[in-house]
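# Observations on the model geometry
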Amino acid sequence: MRAISLSWISLGPLLVLLHLGHGFAGNLEHGIGHYWRVPPGQPAQIWSRVDHDRKLSDPFFNSDRWSNAEWVFDAPHAEIEVSADRTKKKVALFKHTAECTSNSRGSDHVIRICEARLLGEKAIDLLIHESTPGFYDRLRVEVRNGMFACQYWTEYLMRLTGVTLTWTTKRQELTLDKKAYRKGDVIKGRIDFECIQENTTPEFSSKFGRCLDTIKVHGVFKTVVE
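Residues numbered from 1 in each chain as written. Predicted model: local features only at pLDDT ≥ 70, side-chain atom pairs only at ≥ 80, totals over all residues. Heavy atoms only, no water.

### Topic: unusual backbone geometry
This is how the line gets drawn: Every helix listed is a DSSP run of H or I at least four residues long, and every strand listed is a run of E at least two residues long, numbered separately from the N terminus. Type-normalised accessible area, obtained with a 1.4 Å probe on protein chains alone, sets the label of each residue: buried when under 20%, exposed when over 50%, and partly exposed for intermediate values.
Phi at Arg-105 takes a positive value of approximately 65 degrees, unusual for a residue other than glycine. Within the secondary structure layout, Arg-105 lies in the loop between strand E6 (98-102) and strand E7 (109-111). Positive phi is not limited to glycine here, since Asn-145 has a value of about 50 degrees. As for its position among the elements, Asn-145 is in the loop between strand E10 (136-144) and strand E11 (147-153). Judged by relative accessible area, Asn-145 falls into the exposed class, the value being 61%.

Here's what the structure looks like:
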């Protein structure tokens, strides 16, 4: 399994260049929020019951962390005026709304953004994500009446090279601090997720194989429901 996964790593430099192009072009062509869209052709995913814990706690929930948004292409950000060397300039910063770890592309890295959209009293969509020159992670979580389903994806080889990938959920756990939310509420939660990534392009698989790989995302999030 790991030997097959190395075929992805060998394409690393090319993927970074492709992703840089995709990051800028995607924002121009599809507008803000296009990163919520799940790639077509994904399998039906499993549904699991949401756990609820009103006393859910983690040091992250009490933190207030911000980072420079210059190389984070999909971060909701604010323009902050700062003073340096007797001059003032505006810097784009984004607030950390997640502290999750992903092992996509064979290397552990952090995901720092979570967004939440309210669709009904007991229906909410979460998107845990981050897009940088090195990594591109999307984990969409649909919560419906106490049940939830996850869909992970990344776009490194997909749109610019014609390679198609699928991600099939194998294990998932979600804990939220409440059973229902309203717009403007703060939502806190913990996610533990695992899926199998598979190449489904015949031309690519004949050369590199199916490139099966296990992707895991786990951590906590705290954001405002929109």
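### Re the pattern of salt bridges
When charged atoms on two side chains of opposite charge get close, those side chains can pair. Formally: By definition here, a salt bridge exists when the distance from a side-chain nitrogen of Lys or Arg to a carboxyl oxygen of Asp or Glu is within 4 Å.
For the structure on display, the rule yields 11 salt bridges. We note a salt bridge from Arg-144 to Asp-125, for which the minimum N-O separation is 3.0 Å. Taken together, the positions of Arg-144 in strand E10 and Asp-125 in strand E9 (residues 123-131) put the pair 19 residues apart, joining distant regions of the chain. According to the relative accessible area criterion, Arg-144 is partly exposed, its value standing at 23%. For Asp-125, a relative accessible area of 4% gives the class buried. Glu-142 serves as the salt-bridge partner of Arg-144, at 3.8 Å between the closest nitrogen and oxygen.

### Observations concerning the nonpolar core
Applicable threshold: Note on terminology: a nonpolar core comprises buried Ala, Val, Leu, Ile, Met, Phe, Trp, Tyr and Cys residues joined through side-chain atoms within 4.5 Å. It only takes one pair of heavy atoms within 4.5 Å for two residues to be counted as in contact.
Ranked by size, the top nonpolar core spans 33 residues in total, and within it Leu-139, Leu-174, Ile-187, Ile-191 and Phe-221 carry the most contacts. Every element with two or more residues in this core is listed here: E6, strand E8 (113-120), E9, E10, E11, strand E12 (165-176), strand E13 (186-199) and strand E14 (213-224). For Ile-187, the contacting residues outside a window of four places in its chain are Ala-116, Ile-124, Leu-126, Leu-176, Asp-177, Tyr-181, Phe-221, Lys-222, Thr-223 and Val-225. If you look at the next biggest cluster of nonpolar residues, it comprises 6 residues, including Ala-69, Val-72, Ala-75 and Ile-113.

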